[in-house]
Amino acid sequence: MPNPRIPLPVVSVPTVLLFTGGVMVWTGATWLVVTEAASLWVTMPLHALVTFTMFTVLHESTHHAAGQLTWVNELLGRLAMPFVASYGSFPLVRYIHLEHHRNTNEDAHTDPDAWTAHGPWWQLPLRWLTIDFWYARFYVARQRTRPRSERIETAAVVTLSLAAFAWLAATGHGWELLVIYLIPQRVGLAVLAWWFDWLPHHDLGARRQDRFGATRVRVGLEWLMTPIMLCQNYHLVHHLHPAIPFYRYLRIWKDNRDAYLARDVPIATAWGRELTSSEYREWRQLTGSLTEEPPAPQPPRPSLFHPLRVAEVRPLCEGAVTVTFDVPERLRETFRFTPGQHVVIRAEVDGEEVRRAYSICSTPESGVLRIAIKHQLGGAFSTFATTELAAGDVLDVLPPDGMFTLTPEPGRTGRYVALAAGSGITPILSILASTLLTEPHSRATLLYINTSGASTMFADELGGLAARLGGRLHVVHYRTDERDPDLRRQRTEKPFDTVGEALAISHERYQRGRLDGIRLRALLQARLHPAKVDDWFLCGPRDLVDMARRTLADKDVPEENVHFELFQGALPVRPSRRPGPVLTVTAGGKTAEIPATAGETVLSAALRHGVDAPYACVGGACGTCRASVVRGSARMDVHYALAAEEVAQGRILTCRAVATSDELSVDYDR
């Protein structure tokens, strides 16, 4: 999934201007009706136009796309709501619309907007005219599960609206109510149901599980269609990136067009003719052939271990050290890394070879290759590294690898949130330090979980970095040991020397207990609202990362914006002793044909027969053992370190891959 990385402004000026313009048009049209200065054939289309434009304001606020400030979205949403449907509340519409995004193109009882597309063709206009009645039925059936505050606000709005309608009718203003509000509003809602729901989604039910195939774009006549439809002719972009403001849709489509076309997204012309991706390219003259496709990215070839001398071993905190390597000039390019990547260490401990993956905690700009190692109970290498390893020792190291990364861009203004627990801070520190120092207008929040201050890795470095950045990095420490001194820190009696020194104390905060789902949901409803955040970085134990991913998914955070890395992957796969498939394994330019047992992973069989295959965690977390399937098929129980696109291209993690065909050929070199 392409990540557009378009920053959300503090306040979306086009959205505010659209609201202001809508109020002005509605006021002017109402004045024309009251003074009988213009025909109803003029005023009613104007009032209907306001319904349409105000829905866009409401829609932007629903997705928190009207700006970074939550109160601006809440206010604009409630102010725009009466112009769309005065008898509904903003929280009600937000809930219903998000249900549409969660269940796009399902049946109408699951996706409320599917009401506009189901049924025979002659019913469709009637369905478009009655979309709000279906919304009401949809909500009433679920209102018992909704928050109490939402139900109270909805009931109050409905009561006030019906009372206002009754008062206007009783005082002899029923005609004005009809021609100023009810009739134009009905027309506006019908157009909205047609353009927002039916045009983008009809006849796509067979692809409803594919986010790229659940919504279409309408191309051609952009000079007319884009302003008339307020950019909803590129509705697919909205479903893929719902927090992006509407006026950015066309730019995002152009910037990421090849990635979208590679997924064969639904495309139609302004007049409804369906186009394949190849036909679209030919029509736009993007290629000279109807069949040409953009080349698939080639996976990197596996690297070899290099002996590196340890330059320094320095105590970091209780039970942890940092290890700095001396990288010779001839290997500088080989060991160049992107913030967040890791290296695999190979060493002999007590006569046995061990391999471990450790994230790089330094920044590329420093020119230093440094990792942090925390002692794990029973850990062979971590025990050796924290008690015996010394400067001058030599370790075998694989060049940097890993997809848990962020490449800084000096001109970007981003908002990032990182969640780390214990040694999960190592890649996070590299990402945050490098990015915030390179991107002077970006900001970040770190949620950091530890037992106590004594066992907190890089506590001093984080505090110094937060102070140096002057408020652009906010660190929230969660301490599970109630006796931790940081939780009882008293305010100093010494006065602050400078305003900056006084403000610096707010760069770090301390909370009792761990960060659980309840706390995270509370943060997502306020200061860390998903629409305010460009990228999320999660690194820690599997339970914590899984909890955070579920919580973010429930808040409709796109998967492509959530990056994660685990301490360790799944438990080892247990094969049987029964004969299994025949494997053909290519690694380092050599090919071997080996027998596997039933249920045995490709990596296990390869190592058992002496193949020098790359690996580290054997739990699907690090990605070191990636390979390509050349022939046959395999299944993986987990593939944490592979993106869905890589799996679709035939990439596997051999530590978790078990052959499902009688013969399987894999290549580590591709």
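Before reading on, note that the structure itself is shown above.
First things first, this report covers the structure right here in the doc. Keep in mind that what you see is a predicted model, and the values were worked out from it rather than measured.

Rules behind the numbers
Here the residue numbering is sequential within each chain, running from 1 through the sequence in written order. Only residues with pLDDT of 70 or above have their local features reported here, since the model is predicted, and side-chain atom pairs are shown and tallied only from 80 upward, although totals for entire chains, interfaces and linings are computed over all residues. Working from all heavy atoms in the structure, the side-chain values ignore hydrogens and water. Each helix is a run of H or I in the DSSP string that is no shorter than four residues. Each strand is a run of E no shorter than two, and both are numbered from the N terminus. Just to be clear, the radius of gyration here is over C-alpha atoms, and the globule rule we use is 2.2 Å times residues to the power 0.38. Think of it in three bands: with a 1.4 Å probe and only protein chains considered, a residue is buried below 20% of the maximum accessible area for its type, exposed above 50%, and partly exposed in between. Surface accessibility follows the Shrake-Rupley procedure with a 1.4 Å probe radius. Residue values consider only the protein chains on display as shielding. We score Asp and Glu as negative and Lys and Arg as positive, and we do not count His or the chain ends. Lys charges are placed at NZ, Arg charges at CZ, Asp charges at CG and Glu charges at CD. One less than the residue count of a helix, multiplied by 1.5 Å, gives the span that helix is expected to have. For this analysis, a polar contact is any N or O atom pair within 3.5 Å, provided that within protein one partner can donate a hydrogen and the other can accept it, and provided that sequence-adjacent residues contribute only side-chain to side-chain pairs. For our purposes a nonpolar core is just a set of buried Ala, Val, Leu, Ile, Met, Phe, Trp, Tyr and Cys residues, chained together by side-chain atoms within 4.5 Å. Throughout, the arc means the angular range of directions from the helix axis out to the C-beta atoms. Working rule for contacts: check all heavy atoms of both residues, and any pair within 4.5 Å makes them a contact. If DSSP finds at least two bridges between two strands, the strands pair. Helix axes are fitted only over the stretch in contact, all axes being lines through C-alpha atoms; the angle between N-to-C directions runs from 0 to 180 degrees. Here is the rule: rings of Phe, Tyr and Trp (six-membered ring for Trp) pair when centre to centre is within 6.5 Å. Planes less than 30 degrees apart are stacked, more than 60 are edge-to-face, and the remainder are tilted. Both a distance and an angle decide whether a charge sits over a ring: NZ of Lys or CZ of Arg must be within 6 Å of the ring centre and within 35 degrees of the ring normal. The path from the first strand over the helix to the second decides the hand: if it runs clockwise while the strands point away from the viewer, the crossover is right-handed. For this classification, under 35 degrees means roughly parallel, over 145 means roughly antiparallel, 65 to 115 means roughly perpendicular, and everything else is oblique. Under the convention adopted here, Pro, Cys and the residues Ala, Val, Leu, Ile, Met, Phe, Trp and Tyr are nonpolar, Asp, Glu, Lys and Arg are charged, and Gly plus all remaining residues are polar. Patch definition: residues with relative accessible area over 30% and no salt bridge; like charges joined within 9 Å; nonpolar side chains (Val, Leu, Ile, Met, Phe, Trp, Tyr) joined within 5 Å. Any Lys or Arg side-chain nitrogen located within 4 Å of an Asp or Glu carboxyl oxygen qualifies as a salt bridge.

## Topic: the overall build of the chain
- A tally of regular secondary structure across the chain gives 21 helices and 22 strands.
- Rg of the C-alpha trace for the chain: 29 Å, near the compact-globule value of 26 Å for 670 residues, within the 12% margin.
- With respect to the three principal axes, the spread of C-alpha positions in the chain is 95 × 75 × 45 Å.
- Counting the 670 residues in the chain, one finds 51% classified as buried.
- Surface summary for the chain: the accessible area is close to 31,800 Å², and the carbon and sulfur share equals 57%.
- Taking the average place of the 69 positive charges on the side chains of the chain and the average place of its 70 negative ones, the gap between the two points comes to 3 Å.

## Notes on helix α2 (residues 40-62)
- Relative to the 33 Å expected for 23 residues at 1.5 Å per residue, α2 spans 32 Å between its end C-alpha atoms, a close match to the ideal helical length.
- The N-capping residue of α2, defined by a side-chain oxygen 3.0 Å from the backbone nitrogen of Trp-41, is Ser-39.
- Just downstream of α2, His-64 is the residue with a positive phi angle, here 60 degrees.

## Remarks on the nonpolar core
- Counting 62 residues, the largest nonpolar core has Met-54, Leu-58, Trp-253 and Ile-267 as its most contacted members.
- Among the nonpolar cores identified, the runner-up in size contains 30 residues, and Ala-320, Ala-420, Ile-431 and Leu-462 belong to it.

## Some words on helix α16 (residues 459-468)
- Looking only at α16, the buried set comprises Leu-462, Gly-463, Leu-465 and Ala-466. With its buried residues spanning 165 degrees around the axis, α16 presents them on a single face. Away from its buried face, by an angle of more than 90 degrees, α16 presents the exposed residues Asp-460 and Arg-468.
- Buried residues belonging to α16 abut α15 (425-438), β11 (443-450), β12 (473-479) and β13 (508-512).
- Positive phi shows up at Gly-470, right after α16, with a value of about 60 degrees.

## Focus: the side chain of Thr-70
- Checked against the element boundaries, Thr-70 lands in helix α3 (residues 70-85).
- A distance of 3.1 Å separates the side chain of Thr-70 from the side chain of His-64, its partner in a polar contact.
- In contact with Thr-70, other than residues within four places in its own chain, are His-64, Gln-525, Ala-526, His-529 and Lys-532.

## Let's talk about the environment of Leu-473
- By the secondary structure assignment, Leu-473 is in strand β12.
- Classification of Leu-473 by relative accessible area gives buried; the value is 0%.
- Taking C-alpha positions, Leu-473 is 9.0 Å from Leu-462, a pair spaced eleven residues apart along the chain.
- Look past the residues within four positions of Leu-473 in its chain and what remains in contact with it is Leu-432, Leu-436, Ala-444, Leu-446, Leu-462, Leu-465, Ala-466 and His-507.

## Thoughts on the sheet that holds strand β16 (residues 579-587)
- Spatially, the five strands line up as an open sheet ordered β17-β16-β22-β18-β20, and their pairing is mixed. Looking along the sheet, the strands with just one partner apiece sit at the ends: β17 (590-597) and β20 (651-653). Sheet twist, expressed as the average angle between the axes of neighbouring strands with direction ignored, equals 35 degrees.
- As defined by bridge partners, β16 adjoins β17 across seven bridges and the pair is classed as antiparallel. Its bridge partner lying in β17, Val-582 is registered against Pro-595.

## Re the packing of aromatic side chains
- Scanning the model with the defined rule gives 17 aromatic pairs in all.
- With a centroid separation of 5.8 Å and 85 degrees between ring planes, the pair formed by Trp-26 and Phe-83 is classed as edge-to-face. Taken as a pair, Trp-26 in helix α1 (residues 13-34) and Phe-83 in helix α3 lie far apart in primary sequence, 57 residues in all.
- For the pair Trp-194 and Trp-195, a centre-to-centre distance of 5.7 Å together with 45 degrees between the ring planes defines the contact as tilted.
- According to the relative accessible area criterion, Trp-194 is partly exposed, its value standing at 34%.
- Of the aromatic side chains, those joined through ring pairs into one cluster are Phe-52, Phe-55, Trp-128, Trp-194, Trp-195, Phe-196 and Trp-198.
- Over the aromatic face of Tyr-95 sits the side chain of Arg-146, whose NZ or CZ is 3.8 Å from the ring centroid.
- Directly above the aromatic system of Phe-564 lies the positively charged group of Arg-549, at a separation of 4.0 Å from the ring centroid.

## Focus: unusual backbone geometry
- For Leu-230, which is not glycine, the phi torsion reads 50 degrees and is therefore positive.
- Counting through the fold element by element, Leu-230 comes out in the loop between α9 (222-228) and α10 (235-240).
- The phi torsion at Val-618 lies on the positive side, around 50 degrees, for a residue other than glycine.
- When you line up the elements, Val-618 lands in the loop between α20 (602-608) and β18 (626-631).

## Quick notes on the sheet that holds strand β8 (residues 369-374)
- Read across the sheet, six strands follow the order β7-β6-β9-β4-β5-β8 without closing on themselves; strand pairing throughout is antiparallel. One side of each edge strand has no neighbouring strand; the edge strands of this open sheet are β7 (352-359) and β8. Each adjacent strand pair in this sheet contributes to an overall mean axis angle of 40 degrees, direction not counted.
- Bridge count between strand β4 (residues 306-317) and strand β9 (residues 394-397): four bridges; the pairing is antiparallel. Bridge pairing in β9 places His-306 opposite Val-397.

## Quick notes on the pairing of β12
- Taking burial as the measure, the seven residues of β12 include seven buried ones, the bulk of the element.
- Neither face of β12 is exposed, since Leu-473, Val-475, His-477 and Arg-479 on one face and His-474, Val-476 and Tyr-478 on the opposite face are all buried.
- Pairing of β11 with β12 involves seven bridges; the strand directions are parallel. Directly across from Leu-446, in β12, lies its bridge partner Val-475.
- With α16 bridging β11 and the parallel β12, this β-α-β connection has right-handed handedness.

## Quick word on the pairing of β4
- Note: β4 against strand β5 (residues 320-326), seven bridges, orientation antiparallel. Counted as the bridge partner of Val-310 is Phe-325 from β5.

## A closer look at the packing of α2 against helix α4 (residues 90-102)
- Where α2 meets α4, the axes come as close as 10 Å, and the angle between the chain directions of the two elements is 75 degrees. One element, α2, and the other, α4, form an angle in the roughly perpendicular class. In this structure, α2 uses Leu-58, His-59, Ser-61 and Thr-62 to contact α4, whose residues at the interface are Phe-90, Val-93, Arg-94 and His-97.
- For the contact of α2 with α4, the residue count by class is three nonpolar, four polar and one charged.

## Let's talk about a nonpolar patch on the surface
- Together, Leu-221, Trp-223, Leu-224, Ile-228 and Trp-271 make up an exposed nonpolar region whose accessible area comes to about 610 Å².
- Tracing the sequence through the fold places Trp-223 in helix α9.

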